[in-house]
Each structure stands twice: as structure tokens, then as C-alpha cells.
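Structural overview
Given next are the chains, with one letter for each unit.
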Amino acid sequence: MPIKKTKSFSFKIIMGIVVIFAFATISALVIGFLLQVQTQRKHIVEEKRSMVKIVAESIESSYKKGIWPFSILYELQKSPDVLFWWVVRSDGKVELANDPEMWGKRIESPWLGARSQLIKNGIDYKTGEDIKVIIYPLELKSGQYYNFFLGISMSPIRLFSLSSIAWGFFVYILIVSILFAVSVKLASKVLKPIKKLLSGVRSIAKGDFDTRLTIKTGDEFEELGKAFNKMLKAVKKARAHVDLKVENQTKEIERNYQELEKQRKAIMNILEDVEEEKKTAQWEKDKLKAILQGIGDAVFVIDKEYRLVLFNKVAEDISGFSAEDVLGEKYDQVLRFVYEKDQKTNNDFVDKAMETGETQFMTNHTLLINKKGEKIPVADSSAPLKDKNGQVAGCVVVFRDVTEERKVDRMKSEFVSVASHQLRTPLTSIKLFIELLADGEAGELTAQQKDYIEDVSESTERMISLVNELLNVSRLESGRMKVEPQKIRFEDFIQKIIDDSGVLSEDKNCRIDFEKPQKKLSKISLDPVLMRQVIHNLLTNAIYYSPKDRCKIKVKLQKKKNDYLLSVKDKGIGIPKKEQDRIFDKFFRSDKAQKARPEGSGLGLYINKMIVEEAGGEIWFESEGRGKGTTFYVKLPQKGMSRKKGEKGIAKS
Amino acid sequence: MYDLYISKKDKNFLNILKLKFMSENKKNILLAEDDRFISKAYKAGLEKAGFEVIPAYDGVEALKKIKEKEPDLVLLDIVMPEKNGFEVLEEMKMNKGMKNIPVVIISNLGQESDIKKGKELGVLDYLVKTDHSMKEVVEKVKYCLSKK
């Protein structure tokens, strides 16, 4: 703490004393001097009056003798106060004067011829200073009066002698010096304990509480010192207590600070993580955006309020609107999707996705009316976007221009239709003629002819079956296979298919067991044609790939929770492990199967898989491997199949 | 029994007579089928089974012959030149004389929608050619005629 530079206290006191003494002595001197002057003046006037009386008497006596008393007059002249003396006739003529110039001159004065002594104030005729004039009557000739005029100076310098002034000054200086010394001594005596107190206070200010004052003046200062020491003791004690408290608090603060520091670091780490996360998220976002922008399909994203928040390049191309124009707009105010059939607005796929939170596909034959008003056939899907809480926060809609696809589809459809007709027509006639021949309608056949005709018949049947399967695959693959479910009793339905396989199973001497669930099942929605295809295929496979006379097939239908589980178990050739992955592939045939039944197309299980998956079910198998038989499983949801519009049904294979 | 009295020459004549007599009782079937080979095969099979077969090779010819011959049953293909099977069906239903003639469709289309459409137009049955043997077709024809 900087100490303000101040004039020391002792200096102030000494200065004070000096000023007071100086003032006191000066005023005493002045008063004394003034008083002295008054008394001196009275004294001089008295002295001079008596002198004038003596001088006048001696002049009177001498004049009678005819001489002037010069010795006395000279004596008078020597007095420092006497300015002038005149002997004046009553008519104003100066008979005698100290100044020769005044001799014979005439003066004017009211006091000429005065018969008694007069003392009057007057002015010196030479210097103009204030003077006292003593006028004394002289009777030099009887009956003729003269006056003696004496001018006395009233100026103080003339009143005092130089030596007396010097002496007075000396005495004054002496007294002042003695007084000054005494005052300084006194002041220092008073100041000493104050200085001690001051240094004590300063050392306390520096934090030294062990300082003790030793003031032995025996007066109030000593008391003050004692009180000061006492106070120090108390302060020290209090300070020790405070120190402890402060120490504790400091420790506490230290701990808190460390805790805070830890938290700060943790927060910094979190912030870094968040930053990193942010960057990653941003990157992901950018990446996603880039993907969405660059994707070959039109993509737009809407928020909860159905407002467009993303609109990619392809969407711009197809719709004719630019992203700049449409972002922020409600999507249905910009993009008009309508049904091809009745041109009515079709926003179901978006609404449903938003409502149900499930991915929706646009119904077939949807048109998008673009900026120019052109109708563009589109296919699309809409997937809901969910926030952290699983709430639908928006929707991503992907759509594409299917004009070309439609064209290809139509061509494919036409091709399939033509192929179906063109291939099946000659096959039909071949089949019919073979039948006519085999029945002997064209004359009895030899045994060999019959044998050949049977071979041709079998090949024709195979050809017809293959054409039908290809047609089915084509329809399933193009998604044009329609599904027309009916309520059927599943166990009866299966039983019927087993019964129908009679000829084939009799050939192989097969025994087919059907294990139905104990409780009668409720009816299930299944497309009988499609489902028949699946079950028939599994059953015939089981028969085909079982060795003759060792053909035991077990069909089992179970209800498992919300699913139906159908299994077809055989003890046939089995499926080698290495081929198990490919068993559902199109045209794939196991080596063993190829050997056991060369005429197989390799399409049956492929078709089965497509149908079952279309129905929302699963198909799989278990096989221990070669020669150990196979079990195929088909799991179908309880609700069964849902209706689906399509152009084609399935052809019998 | 006749063989005993009639010479070989007469037997020939008798055969002709017999055929003539039978033909009078024979059921007429109009076979509308554009493919010659299939038509020929069906004709052979059906004649063997004792039916008289009137072939027609397109829709217009089929309609004309149905009007003229008033067959007992029409076997109708769908995919045909000039007029397809459904158009023929529709015209038959519009015509008083033809609307009660039973129709069985023989086609290779075999799609549910076609079958449904056919049934709506009052056909008795819908046969997919490749799926049915000659015997089955003959059986079906006999069954449909017996119900008439």
C-alpha cells in the first residue's frame, strides 16, 4: 500500500509554534512600540516645556543685561527633537532664530502675543511633518511682549536612539531563540511516542503482529501504547482464528477449484466429442445429401408439416421445378400425384407413411403432373423419418420416371403373351396329335411305335411344363403376378393336393403321411392357385427325389403363434452341403437331382420362394446332406396373403 | 346280324346308310380355332367320338357359321383373327337365335381375368388347351351337351 507523501507531523507542530511566536512577539512589539511612542511624546513635550520655561527665564534675565543667552540656546539646539526655535515680536517679526535665514522675517500666527504658555499642533515650515509647537510668552521690555516658539519633532526615529533600538532587537532575538528551542524540545518530546505509534501501525500494516510498543512517558501516550499493545494481542488472536478459517476456506476453495477444473476438463472433453460428433454428423449429412443429390432416382424429403426440405437433381428434372423454388413449400402444392385411372389426387403413400410410420409404396399406375402439365408415369416409395423418440418427423420420398420401364414392361408383356400363345399353340397340336396316334385313331400301332409315341408325349409334356414355368417366372419377376386370396381351410387344401398326386406317388410306391393340427384351424386367406403351386412343387420334389419303394413322405401342418408352419419331410437323396446355398437359385439343379430327374427345369423352388415371400412368409430347408433326406419348411403369417392387382395368373406347370 | 344277308358291296352301302342315319342324330359342334393343326386334331378327336364338327378359322367365319348351322355347342378359341373369341361371344349374346347356344372356351390364355370374363358372358367352361388332353375335352363336351 503506497503511503501518501505528507509533511511530517513534527514539522507541522514546529511550524505552528514558530508562526504563533512570531505573531505574538511582532504584535507585542508593535503594541509596545506604539505605547512607547505615546509616552515618549508626552515625556518629550513635558521635558521641552520645562526647558522652554528655563530658556525663557534666562532670555528675560539676559535680555535685561542686553545679551542673548546663547549657551542655553545652543544647548537647546543640540536636542535631537528640536526642529527650530524662534524669538518673535508680537507683530510677527523674528528677533532671533536657530536658522539665520529666519532673522528679521515676519511670521503670521494666531498665537502671536500670547500671554501664557501654549502647546499646539503644527506643521514644520521646512519639511511639512507633524510637529508640536510650544509657545511661551517673553516680557523683554515692559509693556512689550515677545513669544518663544519651539518646534518639536513627533517622528519616532527621532524619539529613540539607535542604540536603544539595537538593544531591543537583540533582546527580542534572544527571547525568540530561547522560546524556539524550548518549543522544539517540547514538540519532539510529544512527537516521539506518536512516531513510535506510527511505526507500530506501519509494521502491523506489513502484517507483523509481534511488534510491541515501549512508550514510557507516563502520560496518555504510555496509556495509548499499552492500549495499542493490548489491541495488537487481540488482533493477533482474532487473526489466528481468521487465519484458520481462511486456511480452511482456502482449502475448500482449492478443492472446489480442482473439482471445477475436473468438470471443466470433462466438459471440454464432451465439447470436443460433441464437436467431433458434430463434424461427423455434418459429414454424414453432407454425404447423405451428396448421395441423395447424386442418386439416379428423384428424391425429396418433407418435414412434419409436409414442407419440402430436400429436392434433388433428378426430382428437378422430372418435375420441372427447381429446388430453389419449391423448398419450404408444402409438397402437395408443388407435386401433383394422381391415379392413372381416374386422375384423382393420390397422396396416400405419403400420408400413410406419416401416419403409420411404415414404408409405403406408391400404387401402380401413378402419374406425376409436371410443371408443364405433362403426365409422367412414376413409381415410388416413401419412408418415414423418425426422430430419437421414434416419432415420425418427416418422410423421404423416392420416385422415378417409369415411362421407359412402362414401355419395356409393355414389350415384355407382349413378348410373354406372344411367346405364351405362339409356343403353346404348336405344342397343343403336337400334344393332341400324339394323343390321337397313341389312342390308335390313325390305325393300330406296333409296340415300338407306341413306345416312341410315349416318349414324344413325355417330351411334349415337359416342354409345355417348361414354357408354363418360364411364363410364371416372367410374371413373378415383373411383379405382375396377381394375388387373389380366398378364405380356405388350409388342412383340407393340403389334403386335396396330396390326393391329386396319387398317380405320381403310386408310381414310386410312396407313402404320404399328413399330420394335421389337432384343433381345427380357422380359415386362412390364400391364393389357391399360387399356394397349390408351392405345395404341389414341394410334394412332387419329395416324390421325385426319393428312391422307389423307400419313399416315405411326412407332411405336417402346425400353428405356431401367429404363423402357420408347413413341413414336407422326405428320406430321399438330400442336398449336399456345398449346394445348399444355391438351392433356391433360378435354374439351379443339384447334381444328384439332375441325375435323379433330368427333366427338371430348376425353376420350381425359385418360383416357390418368390410366391412365399410375396405372401410375407419364409421358405427354408434342413438337410443333413447327401442321402439323408430333406425337410422343407414354409412359414406363412396367420393373416395370409393380401390381395394384389396384377395382369397375370399363374400357369399350371 | 345284317352281315349275314348283305353282300360285301351291300355292306358298304349299309355303312353309308348307317352313317347317314347316325349323322342325323349327330350333335353339331362348331369349332372356332385359327390354328389349322389344332383344329384338325380336335376335329379328328371329336368326330371319332361321334360328333359332327364344323370348323371355322376366324371370328367372322365362326359367327357366320353359327348363324347358318345353329350348332349344338361352340368350342371357341379366344385369340383369333378378324374377331376374337370375346367379341364373338358378345355378338352371340346380342342375337336371339344364338344366345342360347352353349359355349366352351378353349384357349391358351388361361388367365383368371379371361376366365372370369368368359363366365360373365355365360360360357359353360373354360379349358386351357395345353392343360387338357383330347379325352378331357371330349368328356367336357359330352357333359355340357347332356346338361342342355
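One numbering rule holds for all chains: residues counted from 1, following each sequence as written. Chain letters start at A and ligand numbers start at 1, both assigned in the order the entries are written. At least 70 in pLDDT is required for a residue's local features to be given in this predicted model, at least 80 for side-chain atom pairs to be given and counted, and no such filter applies to totals for whole chains, interfaces and linings, which use all residues. Hydrogen atoms and water are omitted, and side-chain values are computed over all heavy atoms in the structure.

At Tyr306 of chain A, a residue that is not glycine, the phi angle is positive and equals roughly 65°. Counting from the N terminus, the helices are the DSSP runs of H or I reaching at least four residues and the strands are the DSSP runs of E reaching at least two. On the secondary structure map, Tyr306 of chain A appears in the loop between strand 6 (298-303) and strand 7 (308-311). The phi dihedral of Glu82 of chain B falls on the positive side, at around 65°, and the residue is not glycine. Within the fold, Glu82 of chain B resides in the loop between strand 3 (73-76) and helix 5 (85-94). Burial classification: accessible surface area is computed with a 1.4 Å probe over protein chains only, and a residue below 20% of its type maximum counts as buried, one above 50% as exposed, and the rest as partly exposed. The exposure class of Glu82 of chain B is exposed, given its relative accessible area of 63%.

Residues and elements named next belong to chain A. Cysteine sulfur atoms are paired as a disulfide whenever they fall within 2.5 Å. On inspection of all chains with the given rule, the structure shows one disulfide over all chains. Put simply, Cys510 and Cys551 are joined by a disulfide, and their sulfur atoms are 1.6 Å apart. The sign of the 80° torsion about the S-S bond sets the Cys510-Cys551 disulfide as right-handed. Remark: Cys551 occurs in the loop between helix 14 (528-544) and strand 16 (552-560) and Cys510 occurs in the loop between helix 13 (502-508) and strand 14 (511-515); sequence separation between them is 41 residues. The pair formed by Cys510 and Cys551 is uniform in burial state, with each residue classed as buried.

On to the environment of Glu491 of chain A, then. Residues and elements named next belong to chain A. Note on placement: Glu491 falls in helix 12 (residues 490-500). Sequence spacing of Glu491 and Lys523 is 32 residues, and the spatial spacing of their C-alpha atoms is 9.3 Å. Excluding residues that lie within four positions of it along the chain, Glu491 makes contacts with Phe514, Lys516, Lys520, Leu521 and Leu557. Contacts were defined at the residue level, with two residues in contact if any of their heavy atoms lie within 4.5 Å.

Residues and elements named next belong to chain A. Among all positions in helix 16 (residues 604-614), only Gly604, Leu605, Tyr606, Ile607, Asn608, Ile611 and Val612 are buried. Buried residues in helix 16 make contact with helix 11 (447-477), helix 14, strand 18 (618-623) and strand 19 (630-637). Downstream of helix 16 by one or two residues, Gly616 has phi in the positive range, about 80°.

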